[in-house]
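# Coordinates in review
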Amino acid sequence: MLSLVEKLYETHDLTDEELINLIKSEDSEVSEFLREKADETRQKYYGKKVFLRGLIEISSFCKNNCLYCGIRRDNKNAERYRLSREDILSCCENGYELGFRTFVMQGGEDAYYNDEFMCGIIREIKNKYPDCAVTLSLGERSNQSYKRMKEAGADRYLLRHETADVELYKKLHPNNMSLENRKKCLFNLKKLGYQVGAGFMVGAPFQTVENLVSDLRFMQHLQPQMIGIGPFIPHHDTPFKDEKQGTLELTLRLLGIIRLMFPKILLPATTALGTISPTGREMGLKTGCNVIMPNLSPVKFRKKYELYDNKICTGEEAAECKGCLQRRVQSAGYEIVSEKGDCIY
Ligand code: SAM
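Now for a description of the structure that goes with this document.

### Some remarks on the overall build of the protein
- From N to C terminus, the protein includes 14 helices and 9 strands.
- For the protein, whose C-alpha radius of gyration is 19 Å, the value lies close to the compact-globule estimate of 20 Å for 345 residues.
- Seen through its C-alpha atoms, the protein measures out along the principal axes to roughly 55 × 45 × 40 Å.
- Taken across its 345 residues, the protein has 59% of its residues classed as buried.
- Across the protein, contacts joining residues at least 24 apart in sequence account for 75% of those joining residues at least 6 apart.
- Within the structure as shown, the protein displays about 14200 Å² of accessible surface, and the carbon and sulfur contribution to it stands at 48%.
- Averaging the locations of the 50 positively and 48 negatively charged side chains of the protein gives two centres separated by 4 Å.

Okay, here's the thing in structure tokens:
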């Protein structure tokens, strides 16, 4: 099995069967060797740098009903909120002072944030902070809408494909949503010149190792600039409330594999990873991750953007969050930098 890690490190690919064996292996020696090689690869391209993305959760309203998500439309217990233009700008101001050079506006699919609103706020942020990147994560929209927002100045778009397997996609989403459209959106975004982030949840209900291999293959095809993966964590008010959460071991295993398959990728150590283990993000950083996405949303709204149970960092101000992360990143042996942090290809 160690030779598989060696092969992946050297050739950036394995056969399906080899990938399945590597993902399934529970040998701790393999995990440690994979971690070392992943870390060596990230350091070769990005040194010890950790890029920050300031996450602004603009809306907890969503028209979709994804079975795993705490802000799904049918969750009547979810508290809904929307950030105003002023709220968003104040998050950016705060973030800029703290050294953030990327702002990510993320939310449920909420028609309130139409193209006019989004283009206006994107222009305003780019005018005020020309040295910053604007990232959007607003779900599936028309090509026209993506085009307008790109022309207004948006640089990047995060849209996890969630799973590249049609059958699994159907088990995780209602009938009115399709993998085909999700993939189409990702290819549209790439064509428009966005730096794109795809990704999936690890340990989602019904997910098999073969499904994970399909995810890796899909991303080899798409060639995104960022890959966001984190463990699935149940939310108590969703149909998946009694499902098992994804494990730390499997998430780290996949992070290591992804770093070796996509050596120059931007790879976040996600909040979900920090939620299932107190040192999850540090372990992610040591296994090839080079991005962290701290929360810049106003504290009074944070608990309302509850995608899954026990989400961390919902109680502190952005400055406290940054201080805490700085210590964590340093303790893991890396350094937070105040840069836009573009992908190097
Ligand atoms: N609406 C946008 C979209 O669809 O891309 C952005 C917001 S969506 C809530 C952001 C991501 O949260 C999803 O892509 C999904 O992978 C993740 N997520 C939702 N529920 C989750 C859960 N229970 N556990 C872990 N991640 C979850």
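### Notes on the site of the ligand
- In the vicinity of the ligand lie 18 residues, with Tyr68, Gly107, Arg160, Glu162 and Ile233 positioned nearest.
- Within the side chain of arginine 182, an N or O atom sits 3.2 Å from an oxygen atom of the ligand.
- Here the ligand loses 92% of its free accessible area of 560 Å² to cover by the protein chains.
- Of the residues that constitute the shell around the ligand, the class distribution is 10 nonpolar, 5 polar and 3 charged.

### Quick notes on the side chain of histidine 235
- Relative to the helices and strands, histidine 235 is located in the loop between strand E7 (226-231) and helix H10 (248-261).
- Judged by relative accessible area, histidine 235 falls into the buried class, the value being 1%.
- Among the polar contacts made by the side chain of histidine 235, one reaches the main-chain amide nitrogen of aspartate 237 at a distance of 2.9 Å.
- Apart from residues lying up to four places away in sequence, histidine 235 is in contact with Tyr68, Gly70, Asn75, Lys241, Glu306, Leu307, Tyr308 and Asp309.

What counts, and where the lines are drawn
Residues numbered from 1 in each chain as written. Predicted model: local features only at pLDDT ≥ 70, side-chain atom pairs only at ≥ 80, totals over all residues. Heavy atoms only, no water. Helix = DSSP H or I, 4+ residues; strand = E, 2+ residues; numbered from the N terminus. Rg over C-alpha atoms; globule rule 2.2 N^0.38 Å. Buried < 20%, exposed > 50% of the residue type's maximum accessible area, 1.4 Å probe, protein only. Contact = heavy atoms within 4.5 Å. Areas by Shrake-Rupley, 256 points an atom, 1.4 Å probe, with all protein chains shown as cover. Lys, Arg positive; Asp, Glu negative; His and termini not counted. Charge placed at Lys NZ, Arg CZ, Asp CG, Glu CD. Near = heavy atom within 4 Å. Polar contact = N/O pair within 3.5 Å; in protein donor to acceptor, adjacent residues only side chain to side chain. Nonpolar A, V, L, I, M, F, W, Y, C, P; charged D, E, K, R; others polar.

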